[in-house]
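Remarks on the overall topology
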Amino acid sequence: MKLLVTVFLVLSFCELRQAEDGKSSSSSNPLQDSPPVSERAFSASSPQLSAEETYSAHMPEHLLCDACRAISFQMQQYLEKAESKWSLAKKPGALLSESEYVDALENSCSQSWENYGVKEVNGVKRFAGPGLKSQESMSVMMTGGPWPARLYMMCHSYLGESGEEQIYEEHRRRPGGLEEFLCYGAKKACTRFTHTKDRIKVKSLQSEL
């Protein structure tokens, strides 16, 4: 009887060790049951542009708000950079001269705009670049093409419409408030157009350059 009990215990112990060894082997190779990396990787493709987005000389209406926000951000950056150059040489609160703020704003519009492009977020085209919060990390941004020229024209249209002096005054009055001044409010790019003539006004300002 004692012999049978001993044999039973030995067999049970062996089975338990085999089960533990199998479990340990499985846990030591966590990639064994995992899908290949290529199956788990995200996929992204360049946005497909419409005929208007590809060939129009003007900024498509659905991108006007993003473009305006990018332009106002760049104007602010160039003005702040110009101010930082003379902040130590002049007394605090000193204003840029007319030629200084005009040059800063002209340079902001005449830059290459190479850091801006269009990406597709949830099926909607959006501008992306400095000053614009990205709404989707895994997406492809399309730079170059018609976008730099459109931003250049749109930026200069704001200089022609509002004037460098007024833009600089707004910058001094409300630091960081150029976006609200240029892009929001009645008939502005980030406010829905209610009349067709408002759309034509923006495009005509771009055409005059």
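Now for a look at the structure at hand. (Residues numbered from 1 in each chain as written. Predicted model: local features only at pLDDT ≥ 70, side-chain atom pairs only at ≥ 80, totals over all residues. Heavy atoms only, no water.)

1. Side note on helix 7 (residues 164–173)
All of the buried residues in helix 7 are Glu 164, Ile 167, Tyr 168, Glu 170 and His 171. The arc enclosing the buried residues of helix 7, seen along the axis, measures out at 160 degrees, which places them on a common side. On its buried face, helix 7 is in contact with helix 4 (64–86), helix 5 (98–110), helix 6 (147–162) and helix 8 (178–183). (Buried < 20%, exposed > 50% of the residue type's maximum accessible area, 1.4 Å probe, protein only. Helix = DSSP H or I, 4+ residues; strand = E, 2+ residues; numbered from the N terminus. Arc of directions from axis to C-beta. Contact = heavy atoms within 4.5 Å.)

2. A short note on the pattern of salt bridges
Side chains that differ in charge, positive against negative, can pair when their charged atoms come close. Throughout the structure, instances matching the rule amount to 7 salt bridges. The salt bridge involving Arg 173 is made with Glu 170; its shortest N-O contact spans 2.8 Å. Taken together, the residues Arg 173 and Glu 170, both in helix 7 and 3 residues apart, mark about one turn of the helix. Residue Glu 170 is classed as buried on the basis of its relative accessible area, which comes to 12%. Taken together, the salt bridges that share partners define one network made up of Asp 66, Arg 69, Arg 126 and Glu 179. (Salt bridge = Lys/Arg side-chain N within 4 Å of Asp/Glu carboxyl O.)

3. What to know about the pairing of strand 1 (residues 117–121)
Among the 5 residues in strand 1, 4 count as buried, and that is most of the element. Taken together, the 5 bridges between strand 1 and strand 2 (residues 124–128) define a ladder with antiparallel strand orientation. When the bridges of strand 2 are listed, Lys 119 appears paired with Arg 126. Counting the residues between successive antiparallel strands, the hairpin from strand 1 to strand 2 contains 2 residues, one of them, Asn 122, with a positive phi of roughly 55 degrees. (Pairing = 2+ DSSP bridges.)

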